[in-house]
Amino acid sequence: MTDKKVAVVTGASRGIGRAIALELGRRGIFVVVNYNGSAEKAEAVREEIAAAGGEACVMQCDVSDYGACETFLKQVIKEYKRIDILVNNAGVTRDGLLMQMKEEDFDVVLNTNLKGAFHTIRFAARQMLKQRSGRIINLSSVVGIRGNGGQVNYSASKAGVIGLTKSAAKELASRGITVNAIAPGFIETEMTEVLPEEVKEATLKEIPLQKFGKPEDVAKTVAFLASDEAAYITGQVLCVDGGMAM
Ligand code: NAP
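Residues numbered from 1 in each chain as written. Predicted model: local features only at pLDDT ≥ 70, side-chain atom pairs only at ≥ 80, totals over all residues. Heavy atoms only, no water.

Q: Got a sec to walk through the nonpolar core? Specific residues and values, please.
A: Membership of the largest hydrophobic core comes to 31 residues, with the highest contact counts inside it found for Ile20, Leu24, Val31, Val33, Ile49, Val87 and Val218. Every element with two or more residues in this core is listed here: strand E1 (6–9), helix H1 (15–26), strand E2 (30–35), helix H2 (39–51), strand E4 (85–88), strand E5 (134–139) and helix H9 (215–225). Ranked by size, the runner-up nonpolar core spans 27 residues in total, among them Phe30, Cys61, Leu73 and Ala90. (Core = buried A, V, L, I, M, F, W, Y, C linked by side-chain atoms within 4.5 Å. Buried < 20%, exposed > 50% of the residue type's maximum accessible area, 1.4 Å probe, protein only. Helix = DSSP H or I, 4+ residues; strand = E, 2+ residues; numbered from the N terminus.)

Spelled out as structure tokens, the structure:
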């Protein structure tokens, strides 16, 4: 149990999710640090939140697994009695050209990035409806808006997240629940670190602010959408991209 607001952040063991967990923890919110494979890194995030005077716990769940998400969120509700904020951050890439893409590469990305968000909303919203309040924040991407060669699977998943966000926002608004999406541009994490230098250089040329983003840039936007200041914002897609999607 905790007296604090409770936030569930999926994929919080690394990258943007880690930064979101730390930012919410700093703001006095109890954070459920979800991970899939990186148990030690997730525990390190929990320790970092605690060292800064915050509170958090670690829970494993593969968000692409519907049944596992049901068990996971039921466990959160059983232990902490409420869910105030759900951040659907967990995501993967399996880049490749359309004509060479294996069916499995399409399915894994859609099942994690899009269905994963559906799964967690499905079970977290049940609790938020009871509370008559809640904040759901989904991680989309600029490529969900603009498309990107070599990413038909990823961009389709992130475009789907925008549709999911707007439809869920309409369904849940009357119960005091807001649903918004954030579309990051190029953020420096392990996901983008692996990209070839020429891709990084070409991308940089497309960013009006002429620099890549940091996980903290996205984390602060999530914290804003989760705050009281954003109470009248729902169904929106906020680009955190240095102007890339303009
Ligand atoms: P990252 O560094 O690769 O980290 C991905 C995170 O997702 C990890 O914590 C990983 O957990 C978790 N994850 C992956 N599959 C999962 C699953 N099935 N169940 C639960 N957790 C899972 O990625 P990132 O760059 O921080 O990206 C975070 C989000 O922002 C993603 O949705 C991504 O698509 C989006 N985004 C990123 C950028 C960018 O430039 N980096 C741009 C636009 C959008 P484990 O390590 O524990 O498996």
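Alright, that's what it looks like, and here's the rest.
Q: Just give me the short version of the site of the ligand, but keep the residues and values in it.
A: The ligand sits among 31 residues. The nearest are Ser38, Asn89, Tyr154, Ile187 and Thr189. Contact distances for the ligand include 2.8 Å between an oxygen atom and a backbone N or O atom of Ile16. A distance of 2.9 Å separates an oxygen atom of the ligand from a polar backbone atom of Asn36. Protein burial of the ligand: of its 890 Å² of free accessible surface, 94% is covered by the chains. Of all elements in the fold, only H1, E2, helix H6 (152–172) and helix H7 (190–193) reach the threshold of two or more residues within the shell around the ligand. In terms of residue count, H7 provides more of the shell around the ligand than any other element does, 3 residues in total. Looking at the shell around the ligand, its residues break down into 12 nonpolar, 15 polar and 4 charged. (Near = heavy atom within 4 Å. Polar contact = N/O pair within 3.5 Å; in protein donor to acceptor, adjacent residues only side chain to side chain. Areas by Shrake-Rupley, 256 points an atom, 1.4 Å probe, with all protein chains shown as cover. Nonpolar A, V, L, I, M, F, W, Y, C, P; charged D, E, K, R; others polar.)

Q: Before we move on, could you go through the sheet that holds E2 and cite the residues and values that matter?
A: Read across the open sheet, the 7 strands follow the order E3-E2-E1-E4-E5-E6-E7; overall the sheet is parallel. Of all strands in the sheet, those bounded by a partner on one side alone are strand E3 (56–60) and strand E7 (237–240). Taken pair by pair, the neighbouring strands of this sheet meet at an average axis angle of 20°, ignoring direction. The sheet strands contacting helix H4 (residues 103–131) are E4, E5 and strand E6 (177–184), and the helix crosses E4 at an angle near 175°. Its contacts with the sheet put H9 on E4, E5, E6 and E7, and the angle it makes with E6 is roughly 165°. (Pairing = 2+ DSSP bridges. Axes fitted to C-alpha atoms, helices over the stretch in contact; angles between N-to-C directions. Contact = heavy atoms within 4.5 Å.)

Q: An account of the environment of Ala50 is requested, with residue identities and associated values reported.
A: Locating Ala50 in the fold gives a position in helix H2. Put simply, Ala50 and Pro208 are 158 residues apart on the chain and 37 Å apart in space, counted from C-alpha to C-alpha.

Q: So what's going on with the UniProt feature "active site" (unreviewed entry) in the protein chain? Residues and values would help.
A: Mapped onto the present numbering, the UniProt feature "active site" (unreviewed entry) falls on Tyr154. Since its relative accessible area comes to 9%, Tyr154 is described here as buried. Among residues more than four places away in sequence, those in contact with Tyr154 are Val92, Thr93, Val109, Asn113, Ser141, Val143 and Met191. (UniProt positions renumbered as here; feature names shortened; annotations may be inferred.)

Q: A description of the pairing of E6 should follow, citing residues and the corresponding values.
A: It is a general feature of regular strands that their side chains alternate between the two faces of the sheet. The buried count for E6 comes to 8 of 8 residues, which makes it a mostly enclosed element. What you see with E6 is no split at all: Ile177, Val179, Ala181 and Ala183 on one side and Thr178, Asn180, Ile182 and Pro184 on the other are buried throughout. Sheet topology note: the E5/E6 ladder contains 6 bridges and is parallel. What sits directly across from Arg135, in E6, is Thr178. As paired strands, E6 and E7 are joined by 4 bridges and run parallel to one another. Bridged to Ala183 within E7 is Cys239.

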